[in-house]
Amino acid sequence: MSVASKNLWRFLCATVAIILMAATLNFVVDPLHLFRPARLLPAMYSPDSRMQDAGLIRSQQFDTVFMGTSLGIHFRQSDIDRVLGVRSLKLAMTGSNSREQGFVLAAAMERRPKRVIWQMDDWIFRDAPEIDSDIYVPADLYRRNVKSIAGYLFSGAMARESLWILARAIPPFEPIVARLTNGVMFKFPIANVDDINALRPDFDVAGFYNAQNAVAAFRRITDPARSGSIAEGYNYDAMVRGFERDAVALIENNPDVTFDIYFAPYSILQFVAMRDASPATLKIAYDFSAYAFPRLLQFPNVRLHDFRDVKEVTHDLGNYGDVIHHSPAIDLKILSWLAERRHLVDRAKTLVSLERLKAQVEAYKVDH
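Report on the accompanying structure. (Residues numbered from 1 in each chain as written. Predicted model: local features only at pLDDT ≥ 70, side-chain atom pairs only at ≥ 80, totals over all residues. Heavy atoms only, no water.)

## Concerning the pairing of strand β3 (residues 115–120)
- In terms of burial, β3 is largely enclosed, as 6 of its 6 residues are buried.
- Judged by which residues are buried, β3 turns out to be covered on both faces: Arg115, Ile117 and Gln119 on one side and Val116, Trp118 and Met120 on the other are all buried.
- Pairing of strand β1 (residues 64–67) with β3, which is carried by 4 bridges, proceeds in the parallel orientation. Following the sheet pairing, Phe66 is matched in β3 by Ile117. (Buried < 20%, exposed > 50% of the residue type's maximum accessible area, 1.4 Å probe, protein only. Helix = DSSP H or I, 4+ residues; strand = E, 2+ residues; numbered from the N terminus. Pairing = 2+ DSSP bridges.)

## Some thoughts on the packing of aromatic side chains
- Counted by the stated rule, this structure contains 14 aromatic pairs.
- An aromatic cluster is present here, built from Phe125, Phe243, Phe288 and Tyr291 joined pairwise through their rings.
- Lying over the aromatic face of Trp123, Arg126 brings its terminal NZ or CZ to 3.5 Å of the ring centre. (Phe/Tyr/Trp six-rings, centres within 6.5 Å; stacked < 30°, edge-to-face > 60°. Lys NZ or Arg CZ within 6 Å of the ring centre and 35° of its normal.)

## A few points about the pattern of salt bridges
- Tallied over the entire structure, the rule returns 21 salt bridges.
- Residue Glu110 pairs with Arg58 through a salt bridge whose shortest N-O separation is 3.3 Å. Here Glu110, found in the loop between α4 (98–109) and β3, pairs with Arg58, found in helix α2 (residues 49–59); they are 52 residues apart in sequence, far enough to count as distant.
- When its relative accessible area of 53% is taken as the criterion, Glu110 is described as exposed.
- Take Arg58: its relative accessible area is 25%, and that puts it in the partly exposed class.
- In the salt-bridge network here, residues are joined through shared partners; they are Asp132, Asp140, Arg143 and Lys147. (Salt bridge = Lys/Arg side-chain N within 4 Å of Asp/Glu carboxyl O.)

## Section: the packing of helix α10 (residues 211–222) against helix α12 (residues 268–277)
- Two elements in contact, α10 and α12, have axes separated by 10 Å at closest approach and are oriented at 25°. It follows from the interaxial angle that α10 and α12 lie roughly parallel. In this structure, α10 crosses over α12, and the sense of that crossing is right-handed. Judged by residue contacts, Ala214, Val215, Phe218, Ile221 and Thr222 of α10 engage Leu269, Gln270, Val272, Ala273, Asp276 and Ala277 from α12. (Axes fitted to C-alpha atoms, helices over the stretch in contact; angles between N-to-C directions. Parallel < 35°, antiparallel > 145°, perpendicular 65-115°, else oblique. Left-handed = near helix turned anticlockwise from the far one by under 90°. Contact = heavy atoms within 4.5 Å.)

## Things to note about a nonpolar patch on the surface
- A grouping of Met1, Leu8, Trp9, Phe11 and Leu12 is seen on the molecular surface, where their side chains present a nonpolar patch of about 610 Å² in accessible area.
- By the secondary structure assignment, Trp9 is in helix α1 (residues 3–29).
- Note on Trp9: relative accessible area 51%, which makes it exposed. (Patch = residues over 30% accessible without salt bridge, like charges linked within 9 Å, V, L, I, M, F, W, Y side chains within 5 Å. Areas by Shrake-Rupley, 256 points an atom, 1.4 Å probe, with all protein chains shown as cover.)

## Considering the pairing of β1
- Of the two faces of β1, the one holding Thr64 and Phe66 and the one holding Val65 and Met67 are both buried throughout.
- Bridge analysis of β1 against strand β2 (residues 88–90) gives 3 bridges, and the strand direction is parallel. By the bridge assignment, Phe66 is partnered in β2 with Lys90.
- Taken together, β1, helix α3 (residues 77–84) and β2 form a β-α-β motif whose crossover is right-handed. (Right-handed = clockwise from strand over helix to strand, strands pointing away.)

## Brief notes about the sheet that holds strand β5 (residues 302–306)
- Overall, parallel pairing links the 5 strands, which are arranged β2-β1-β3-β4-β5 in an open sheet. In the strand order of this sheet, the two ends are held by β2 and β5, each with one partner. Adjacent strand axes in the sheet meet at a mean angle of 15° when their direction is disregarded.

Functional significance is not addressed by these values, which are geometric in nature.
Encoded structure:
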């Protein structure tokens, strides 16, 4: 064998050895906890919910699943557990649509939870691509098929994350690595599952959630130059299709699971913005509620909560960072309402809360 051939073989053997070492490292560290809960090393978590949820479903113990969008992303599992007396798993995903939520919830159903707490709004049912065409959801990781497992184990990027998690577990290196794993350079910077996407203790809550920011957001979205965005995603037929496909089908297929579904307390400015800038969009939102509420309450395993007409919250603009996102204090109020079963929609009078909301929106005066 020539020298060149020997060098080529050495190069190929070294390459294979490096790849196998990376795969072994990923299997042992298992950053996503796809194979087992963290035992050998302290767990680290990613704020990328669409990716991290695949591992949380496999590694965490829970009897209740919490699903939602950015309006539910800051909830703490410890608060959910304490107020509702459950053992929860938060799977909320910022900006998620119902197809994404339904897919992730279906994966969680394999662990047989007793209860699902689902923060809904009409916007999640907008038209969305097939889950395998969604570039943000690693669908195969949820399926745990050969393709996804191979991709996970042989990923160089994941090996880098594994290496940093391993380094952080070594006491002399822990303080230095902890400062480096800040979420900008690495994907797994969170040491406590309760802190995933929760607001940091030093977050300026009063500086972010206040009436000035809410009114500024209202003026921004109703500006004629931008107001077209209010109607984006609002297509009644598409919303009904998404609702039947992603929500109704999941509920029908899991009759032993209790679904606590709540419509979040947007600020009144959200609906007033529709009223003033896009009345057709407001009508779609109303029509969708009029369709969805009676449909949901056909199922005995659904409890429906409508918080959109809770005036003491929705009219106090100091609760909001924009026209829809409420403060952590309202997170806790929502949990207490769920625990007390306040604002439940009556099965015999499914549209009463909607009619109250309509009256509030019609009457609200805003200084432009």
